[in-house]
Amino acid sequence: MSRITSKLAQLHAQQRKAVVPYIVAGDPQLAVTVPLMHALVEVGADIIELGVPFSDPMAEGPVIQLAHERALLHRTSLRNIFELVAEFRRSDNATPVVLMGYANPVEHMGYAVFADAAVAAGVDGLLTVDMPPEEADELNAHLKRVGIDNIFLLAPTTTDQRIRAIAELASGYLYCVSLKGVTGAGNLDVDAVSTMLQRIKAITDLPVTVGFGIKDAASAKSVARLTEGVVIGSALVDRVAQSAKQNKAGADLIASAAALIAEIRGAVDSI
Amino acid sequence: MTDLTSNAIDYAAVPDARGHFGIYGGKFVSETLMFALDELETAYKKLSADAGFRAEFDRDLAHYVGRPSPLYHAERWSKMLGGAQIYLKREDLNHTGAHKVNNTVGQGLLAKYMGKKRVIAETGAGQHGVASATIAARFGMECQVYMGEEDVRRQSLNVYRMKLLGAEVIPVKSGSRTLKDAMNEALRDWVTNVDDTFYIIGTVAGPHPYPKLVRDFQSIIGREAREQCQTQTGKLPDALVACVGGGSNAIGLFYPFLTDGGVQMYGVEAGGHGIETGRHAAPLSAGQPGILHGNRTYLMQDDAGQIIETHSVSAGLDYPGVGPEHSWLKDIGRVNYVSINDEEALTAFRQLTRIEGIMPALESAHALAYVEKLAPRMRKDQIIIANLSGRGDKDIHTVANLDGITL
């Protein structure tokens with residue numbers, strides 16, 4: 001059983017919801033990422049989504065775009081990220097790590113090389129934003145070969161027929177995009193998310209996390225009631241950005257980011 | 001593997017049902033847009049077979065765009081170069097001044113038939129933005145055009161034209177602030193407003209079905225040129241030359257000739273400061289396959305798969321990717337892809353202006369500069385058709401600046 005599946009099964013048994021923070025690897029510095037990951041786990045993160053910076057992050061709103069730009073200022077690469085994950089694994093062998101990014105860096109490295117290096121580093125899942133299932137056969141085969149879960153997106157525009165096909169290919173969990181828009185958008189509609197989740201859950205038993213537009217304890221709580229987990233991205237990355245702007249790249253940055261996740265953990269656990 | 005003998009290739013069979021040209025093309029977008037692409041594909045399949053839609057498209061090309069565009073024998077220039085006879089396909093004479101309008105008329109009609117009230121577009125040199133704003137004005141649609149901040153600065157004339165036409169020009173401040181970033185921003189807009197918005201992509205790139213439908217709309221260039229050449233000279237041309245940024249004017253000219261084995265084809269990329277300097281916009285000449293903006297194609301990228309900045313004096317060629325069909329045509333060897341640097345293009349710009357009294361766009365000047373190399377190597381009874389894809393008025397400020405003159 002993969003780290004992701006066993007973590008989600010364990011949460012399910014405890015009737016708890018997964019809190020999934022998203023940060024961009026190397027933002028603002030490579031040295032910040034691993035301490036930040038540990039700090040997030042300490043305050044209650046269950047799975048960590050680690051953004052792989054890309055020059056053209058088409059699905060991101062302004063906050064995460066800037067995080068990608070900050071990480072690329074010092075050329076954070078997949079190779080660097082494998083090193084970060086390996087370092088994280090030295091003291092945390094339980095918390096799943098999912099890489100989330102765009103197709104080209106993975107394509108450029110080569111699917112086989114990527115899969116081998118990722119699993120060796122201790123990566124558990126991959127979410128490639130711009131690689132829908134129609135194009136994912138070859139990558140999927142390599143991920144399966146090494147036992148990395150392939151996380152796919154479901155959107156408000158996804159038809160039932162596509163949900164069925166995507167659920168067939170996916171493992172670990174499905175990532176439900178809560179709204180039509182980019183990351184960090186402000187138009188979260190909980191009723192619409194609820195309707196969409198009912199549609200998804202009628203089709204598949206895979207756990208579903210919801211992301212895009214969840215920015216605080218209240219929105220996390222209202223969405224977490226409906227599903228297995230919530231992803232917190234832009235709101236968290238914005239904390240990193242604010243600290244970086246004030247040149248507080250060390251302990252202050254980590255404390256500020258961890259405080260948000262602690263707050264959300266508390267709210268989600270009070271359901 | 002693809003069969004390398006060109007007469008064995010079924011050009012009409014690409015792209016396949018999933019939008020692939022060999023290993024290139026496809027639909028590499030986030031899940032939210034898959035629905036919109038399916039909707040577009042279904043609508044296009046239905047409408048392209050619809051007699052009413054086709055008649056309206058043909059009528060608009062004739063009476064709004066002003067087609068057919070002339071095929072002009074540049075006799076003085078041919079004589080000067082001392083080789084092949086050069087014919088210019090005068091897309092610069094179209095309404096709005098470039099080939100871009102062939103496509104926006106087609107996609108504008110699609111938007112109208114699909115009941116979309118709002119169109120968005122990305123633009124580099126501003127020609128596609130102007131052509132999109134034009135069609136939006138005519139159909140009474142809301143229009144927003146994304147344009148890199150850097151391009152807004154160097155193409156101020158076209159920015160003002162779009163505003164006069166009622167479009168809103170949104171300067172894009174992210175990334176390298178050029179065409180690729182404008183396309184990122186347009187995709188972000190589309191994902192947010194996917195229900196009521198039609199995204200008019202300006203070139204043969206992007207996710208399927210765009211490369212195919214833009215090719216279909218632009219192929220009018222090659223169909224006319226093929227017929228005009230036979231009428232005027234009694235034979236087919238020996239060579240075709242067109243500039244390639246995203247590659248829509250080139251596909252438009254080449255596509256109807258692909259099965260004519262005797263016709264050589266040259267796609268001319270922007271060599272910028274020179275291929276050897278790394279400061280250029282020539283992915284087919286010096287890039288590698290990768291995935292960007294919805295399709296797999298040759299890209300300018302670094303060793304970590306990050307897209308790198310491009311350099312060209314011409315804003316319309318300043319793009320790190322290229323239409324996937326060009327990537328395929330390169331690999332199967334049907335089209336030769338070459339490059340022309342900034343200086344050579346500027347020389348050709350001046351040359352054609354002085355010799356023929358035609359001022360070409362800097363994009364088109366890249367094709368003309370290659371003609372200057374190719375024609376002298378050919379016999380006087382041979383024929384080259386070069387695509388004069390746009391007119392040069394928009395570039396006068398750029399050229400004047402390089403001369404140290406502020407207008």
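Provided above is the structure to which this section pertains.
Overview of the overall build of chain A
Then, in step 1: When its secondary structure is counted, chain A shows 12 helices and nine strands.
Then, in step 2: Computed over C-alpha atoms, the radius of gyration of chain A comes to 17 Å, within 12% of the 18 Å expected from 2.2 N^0.38 for 271 residues, which places it in the range of a compact globule.
Then, in step 3: Projected onto the principal axes, the alpha-carbon positions of chain A cover approximately 45 × 40 × 35 Å.
Then, in step 4: Scored against the burial criterion, the 271 residues of chain A give a buried share of 62%.
Then, in step 5: Residue pairs in contact within chain A that sit at least 24 positions apart in sequence constitute 74% of those at least 6 positions apart.
Then, in step 6: With the model as given, the accessible surface of chain A reaches about 9,900 Å², and the carbon-plus-sulfur share is 52%.
Then, in step 7: In chain A, 23 positive and 30 negative side-chain charges are present, and the distance between their average locations comes to 4 Å.

A few points about a nonpolar patch on the surface
Then, in step 1: Taken together, the side chains of B:M359, B:I396, B:I405 and B:L407 define a hydrophobic patch exposed on the protein surface, amounting to about 350 Å² of accessible area.
Then, in step 2: Within the secondary structure, B:I396 is located in helix α16 (residues 396-402).

Quick word on empty space enclosed by the protein
Then, in step 1: By the definition in use, this model includes seven cavities of 30 Å³ or more.
Then, in step 2: Reported here for the largest cavity is a volume of approximately 350 Å³.
Then, in step 3: Put simply, the parts of the chain that give the lining of the largest cavity at least two residues each are β5 (118-123), α5 (127-139), α8 (179-192), α11 (248-254) and α15 (362-374) of chain B.
Then, in step 4: For the lining of the largest cavity, the per-class residue count stands at nine nonpolar, 17 polar and four charged.
Then, in step 5: Estimated volume of the second largest cavity: approximately 110 Å³.
Then, in step 6: Along its surface, the second largest cavity is lined by 14 residues, and A:M58, A:A59, B:V29, B:S30 and B:L33 are the ones closest to its centre.

Brief notes about the interface of chain A and chain B
Then, in step 1: Tallying the contact residues gives 37 residues for chain A and 37 residues for chain B.
Then, in step 2: Around 3,000 Å² of area is buried between chain A and chain B when both sides are counted, 48% of it from carbon and sulfur atoms.
Then, in step 3: Together, A:M58, A:H108 and A:E135 form the three largest contributors to the area buried by chain A at its contact with chain B, with a combined 21%.
Then, in step 4: Across the contact surface, chain A and chain B share six salt bridges.
Then, in step 5: Ionic pairing is found between A:D56 and B:K180, a salt bridge with its closest N-O pair at 2.9 Å.
Then, in step 6: Where the side of chain A that touches chain B is concerned, the elements lending two or more residues are α3 (62-73), α5 (103-109), β6 (153-154) and α8 (160-169) of chain A.
Then, in step 7: Broken down by element, the residue count for the side of chain A that touches chain B peaks at five residues, all from α5(A).
Then, in step 8: Of the residues contributing to the side of chain A that touches chain B, the split by class is 17 nonpolar, 10 polar and 10 charged.

Notes on the pairing of strand β7 (residues 174-177) of chain A
Residue and element names in this part refer to chain A.
Then, in step 1: Because side chains alternate across β7, one face comprises the buried residues L174 and C176, and the other comprises Y175 and V177, equally buried.
Then, in step 2: The pairing of β6 with β7 spans two bridges and is parallel. Looking at β7, one finds that L153 is bridged to Y175.
Then, in step 3: As for the winding sense of the linkage, the β-α-β connection from β6 through α8 to β7 is right-handed.
Then, in step 4: The pairing of β7 with strand β8 (residues 208-211) spans four bridges and is classified as parallel.

Some remarks on the packing of aromatic side chains
Then, in step 1: Counting across every chain of the model gives 12 aromatic pairs over all chains.
Then, in step 2: A ring pair is formed by A:Y175 and A:F212, whose centres lie 6.1 Å apart and whose planes are at 80°; its orientation type is edge-to-face. One end of the pair, A:Y175, is in strand β7; the other, A:F212, is in the loop between β8 and α10 (217-224), with 37 residues separating them in the sequence. Per residue, the accessibility class of A:Y175 equals that of A:F212, and both read buried.
Then, in step 3: Ring plane angle 55° and centroid distance 6.2 Å describe the contact between B:Y199 and B:Y210, whose orientation is recorded as tilted.

Notes on the pattern of salt bridges
Then, in step 1: One pass over the full model with this rule turns up 42 salt bridges over all chains.
Then, in step 2: The salt bridge involving B:D216 is made with B:K212; its shortest N-O contact spans 3.5 Å. Linking B:D216 with B:K212, this pair stays in helix α9 (residues 210-218), spanning four residues, or about one helical turn.
Then, in step 3: Residues joined by salt bridges that share partners form a network here, namely A:R16, A:D46, A:R265 and A:D269.

Some points on the layout of surface pockets
To find leftover empty space, a probe the size of one water molecule is rolled over the atoms.
Then, in step 1: Roughly 510 Å³ of internal volume is contained in the largest pocket.
Then, in step 2: In terms of lining residues, the largest pocket is bounded by 26 residues, among which A:S55, A:L72, B:K180, B:Q306 and B:I307 are the most central.
Then, in step 3: Those elements giving two or more residues to the lining of the largest pocket turn out to be α3 of chain A together with α8 of chain B.
Then, in step 4: No other element matches α3(A), which puts five residues into the lining of the largest pocket.
Then, in step 5: Partitioned by chemical class, the residues of the lining of the largest pocket number seven nonpolar, 10 polar and nine charged.

Some points on the sheet that holds strand β4 (residues 125-128) of chain A
All names here are of chain A.
Then, in step 1: As summarised here, the arrangement of the nine strands in space is β5-β4-β3-β2-β1-β9-β8-β7-β6, forming an open sheet in which the pairing is parallel. On the outer flanks of this sheet lie β5 (149-150) and β6, each paired with one strand and no other.
Then, in step 2: The sheet contact formed by strand β1 (residues 18-24) and strand β2 (residues 48-51) spans three bridges and is parallel. The residue bridging Y22 from the neighbouring strand is E49, located in β2.
Then, in step 3: Strand contacts of helix α11 (residues 234-245): β1 and β9 (229-232), with the helix running at about 45° to β1, the strand carrying the most contacts.

Overview of the state of the cysteines
Residue and element names in this part refer to chain B.
Then, in step 1: On inspection of all chains with the given rule, the structure shows zero disulfides over all chains.
Then, in step 2: Free of any disulfide, C229 has its nearest cysteine sulfur in C243, 20 Å distant.
Then, in step 3: You can call C229 buried: its relative accessible area is 0%.

Structural notes on α9(B)
Then, in step 1: With respect to burial, α9(B) is a largely interior element, seven of its nine residues being buried.
Then, in step 2: Taken as a whole, α9(B) has its buried residues at B:Y210, B:P211, B:L213, B:V214, B:R215, B:F217 and B:Q218.

Structural notes on the sheet that holds strand β10 (residues 264-272) of chain B
Residues and elements named next belong to chain B.
Then, in step 1: Spatially, the six strands line up as an open sheet ordered β3-β4-β14-β9-β10-β13, and their pairing is mixed. With one partner strand each, in any of the chains shown, β3 (71-73) and β13 (336-341) form the two edges of the open sheet. Averaged over all pairs of adjacent strands, the angle between strand axes in this sheet comes to 30°, irrespective of strand direction.
Then, in step 2: Pairing geometry for strand β9 (residues 239-243) and strand β14 (residues 383-388), over three bridges, is parallel. For A239, the partnering residue across the bridge sits in β14 and is I384.
Then, in step 3: Contacts from α15 reach β4 (85-90), β9, β10, β13 and β14 within the one sheet, and its direction differs from that of β9 by about 145°.

Notes on the environment of B:M265
Residue and element names in this part refer to chain B.
Then, in step 1: Tracing the backbone shows M265 in strand β10.
Then, in step 2: You can call M265 buried: its relative accessible area is 0%.
Then, in step 3: For the pair formed by M265 and D238, sequence separation is 27 residues and the distance between their alpha carbons is 8.6 Å.
Then, in step 4: For M265, the residues in contact, after removing those within four places along its chain, are L240, F254, F257, L258, R334, V335 and N336.

Rules of the game
Residues numbered from 1 in each chain as written. Chains lettered and ligands numbered in written order. Predicted model: local features only at pLDDT ≥ 70, side-chain atom pairs only at ≥ 80, totals over all residues. Heavy atoms only, no water. Helix = DSSP H or I, 4+ residues; strand = E, 2+ residues; numbered from the N terminus. Rg over C-alpha atoms; globule rule 2.2 N^0.38 Å. Buried < 20%, exposed > 50% of the residue type's maximum accessible area, 1.4 Å probe, protein only. Contact = heavy atoms within 4.5 Å. Areas by Shrake-Rupley, 256 points an atom, 1.4 Å probe, with all protein chains shown as cover. Lys, Arg positive; Asp, Glu negative; His and termini not counted. Charge placed at Lys NZ, Arg CZ, Asp CG, Glu CD. Patch = residues over 30% accessible without salt bridge, like charges linked within 9 Å, V, L, I, M, F, W, Y side chains within 5 Å. Salt bridge = Lys/Arg side-chain N within 4 Å of Asp/Glu carboxyl O. 1 Å grid on protein atoms, 1.4 Å probe; cavity = no way out; pocket = protein on both sides within 12 Å on 5 of 7 lines; lining within 4 Å. Points joined across faces, edges and corners; volume = space filled by probe spheres on them. Nonpolar A, V, L, I, M, F, W, Y, C, P; charged D, E, K, R; others polar. Buried area = accessible area lost by both parts, 1.4 Å probe. Pairing = 2+ DSSP bridges. Right-handed = clockwise from strand over helix to strand, strands pointing away. Phe/Tyr/Trp six-rings, centres within 6.5 Å; stacked < 30°, edge-to-face > 60°. Axes fitted to C-alpha atoms, helices over the stretch in contact; angles between N-to-C directions. Disulfide = S-S within 2.5 Å.

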